[in-house]
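Structural overview
Residues per chain are reported as follows:
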Amino acid sequence: MNKRYKECDYENSIIELFENMEYRYIYGPDIDRNFYSPFYEEELENALFNINNRLPYSAIKDAMSQLKNIENGSLIQKNSIFMDYLQNGITVNYFDKDKEKKDIVYLVDYKNINNNSFIITNQWTFIENSEKRPDIILLLNGIPVVLVELKLPSREETDILDAYKQIKNYMKEIPSIFVYNVICVISDQSHSKAGTITSGIDRFMEWKTVDGNKENTQHAQFDTFFGGMFRKSRLLDIIKNFVCFSNDGIDKFKILAGYHQYFAVRKAIESTKNATVTDGKGGVFWHTQGSGKSL
C-alpha cells in the first residue's frame, strides 16, 4: 500500500465522518471559483442574504465589502477584527427611501443552526505568495473558519509536528486565508489537536470527549476529536462563546478553550440557572492551577 493511498484513506475517513454529521462535501477542483479569494463567494453571498433577509441588497453588499477589505495591520489584528464580525455582526449603513439607516449584518445565525451552510472540502486551492492546497477546509457560510493539516500516520519520520510546521508555512505563503480562520487542526491519526493562529505547538490541545460525560484519558481517537469539536451546534457555540483574545505585554494572543474548560463552563451555566430557582447556590468551579478558570 503506497503513501498516496494511505494519505487519501485517512483524509476520506475524516470527510466521511463530517458527512455523517451532515456537512456537505465538496471536492475543491469541482468548483468554478476565484483562486485568489479565500471565500467560497457564491455560498457566502447566498448565506448572508438568507440570514439577513429583512435587509436590502445594498446592506449585504456593504457587509461583504467590509469583510473582504479588513484594514491594514498584522495578521492577528486583522483576525481580531474578523472574529468581532463573526461573533457580533458587521455594522452597515444604507439608504431606505432616501433616509439613511444603520443596522447589523450577521455572518452566522447562532440561534437557528439549519439557517447556516456547513461544508467540508479538500484540495481547496488558494493563490497568494504561492499556490497552496490545504488538506481540508471547513467552510461556514462560505468562510474558511477551520483549516486541517494531515500527516501520514505510518511514516516514522513524519509526525504531528510536521503538520504544525506546514500550517506555519501556509501562514507565510497564503496569509490571507488565516485572516478568516478560527481554528487550526493538526492530525496524524494517532494525535489530533486544535489551536489558533497564535498557538505554539505546546498550545495545540486534544479534545478527549464527544459529549463531556466520558473522557478518553489517553490520546483521543480522531473520531472522538472531530466528533467532539465539530458537530454543528458545538462548532457554533465554540466560535461564538469560547474564542477570545488576550494581551501578554505587547503581544496579543488568540485563545481557544480546551475541552475541559468548555464543558466546565457549560455545566456552570446550567448550575447557575438552576440556582436562580432553588437555593441560590451555583456550586464551586474547580480546576487545577493554570487551567484558565478566571478566563
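Values in this document were obtained by computation on a predicted structure and should not be read as measured data.

1. A look at the overall build of the protein
Each helix and strand in the protein was counted, giving nine helices and twelve strands. Looking at the protein residue by residue over its 295 residues, the buried ones come to 47%. Expressed as a percentage of contacts within the protein between residues at least 6 apart in sequence, the contacts between residues at least 24 apart total 62%. Element-wise, carbon and sulfur atoms account for 45% of the exposed surface of the protein, whose accessible area totals about 15,500 Å².

2. Some thoughts on the sheet that holds strand β4 (residues 118–122)
As summarised here, the arrangement of the six strands in space is β1-β4-β7-β8-β9-β10, forming an open sheet in which the pairing is mixed. The open sheet terminates on both sides in strands that have one partner only, identified here as β1 (24–27) and β10 (192–195). In this sheet, neighbouring strand axes are inclined to one another by 20° on average, regardless of whether the strands run parallel or antiparallel. Pairing analysis gives four bridges linking β1 to β4, with the strands arranged parallel. Bridge pairing in β4 links Y27 to N122.

3. Some details on the pattern of salt bridges
Any two side chains of opposite charge can pair, so long as their charged atoms come close to each other. Applying the stated rule across the entire model yields seven salt bridges. Residues E41 and K68 are paired through a salt bridge, measuring 2.7 Å at the closest nitrogen-oxygen approach. Of this pair, E41 sits in helix α2 (residues 41–51) while K68 sits in helix α3 (residues 57–68), and the two are 27 residues apart along the sequence. Between E45 and K61 there is a salt bridge whose closest N-O contact spans 3.5 Å. Taken together, the residues span a long stretch of sequence, with E45 in helix α2 and K61 in helix α3 at a distance of 16 residues. Given a relative accessible area of 25%, E45 falls into the partly exposed group. The exposure class of K61 is partly exposed, given its relative accessible area of 32%.

4. Re α2
Among the residues of α2, E43, L44, A47, L48 and I51 are the ones counted as buried. Taken around the axis of α2, the buried residues stretch over an arc of 125°, which confines them to a single face. Here the buried face of α2 lies against β1, α3, β4 and β8 (143–150).

5. Examining helix α5 (residues 160–173)
For α5, with 14 residues, the first-to-last C-alpha span of 20 Å sits near the 20 Å given by 1.5 Å per residue. Those residues of α5 not exposed but buried are I160, A163, Y164, I167, Y170 and M171. Axial view of α5: buried residues confined to an arc of 110°, hence all on one face. Next to the buried residues of α5 lie β6 (131–132), β8, α6 (176–179), β9 (183–187) and β10.

6. Structural notes on the nonpolar core
The biggest cluster of nonpolar side chains holds 60 residues, and the ones touching the most others in it are L67, L86, I143, I183, F226 and F230. Contact partners of L67, with chain neighbours within four places excluded, come to F39, L44, F82, Y85, I90, L107, I143 and Y180. Listed in part, the 23 residues of the second largest apolar core include I76, I177, F178 and F204.

7. Side note on the packing of aromatic side chains
How two aromatic rings sit relative to each other is given by the distance of their centres and the angle of their planes. According to the stated counting rule, one finds 18 aromatic pairs in the structure shown. Consider the rings of W207 and Y262, whose centres lie 5.6 Å apart with planes at 55°: the pair is tilted. Here the residue W207 occupies a position in the loop between β10 and α7 (222–230), and Y262 occupies one in helix α9 (residues 259–275), the gap between them amounting to 55 residues. What links up through ring pairs into an aromatic cluster is the set F18, Y23, F118, F225, F226 and F230. Against the face of W124 rests R33, its NZ or CZ located 3.9 Å from the ring centre.

Scoring rules and cut-offs
Residues numbered from 1 in each chain as written. Predicted model: local features only at pLDDT ≥ 70, side-chain atom pairs only at ≥ 80, totals over all residues. Heavy atoms only, no water. Helix = DSSP H or I, 4+ residues; strand = E, 2+ residues; numbered from the N terminus. Buried < 20%, exposed > 50% of the residue type's maximum accessible area, 1.4 Å probe, protein only. Contact = heavy atoms within 4.5 Å. Areas by Shrake-Rupley, 256 points an atom, 1.4 Å probe, with all protein chains shown as cover. Pairing = 2+ DSSP bridges. Axes fitted to C-alpha atoms, helices over the stretch in contact; angles between N-to-C directions. Salt bridge = Lys/Arg side-chain N within 4 Å of Asp/Glu carboxyl O. Arc of directions from axis to C-beta. Expected span 1.5 Å × (residues − 1). Core = buried A, V, L, I, M, F, W, Y, C linked by side-chain atoms within 4.5 Å. Phe/Tyr/Trp six-rings, centres within 6.5 Å; stacked < 30°, edge-to-face > 60°. Lys NZ or Arg CZ within 6 Å of the ring centre and 35° of its normal.

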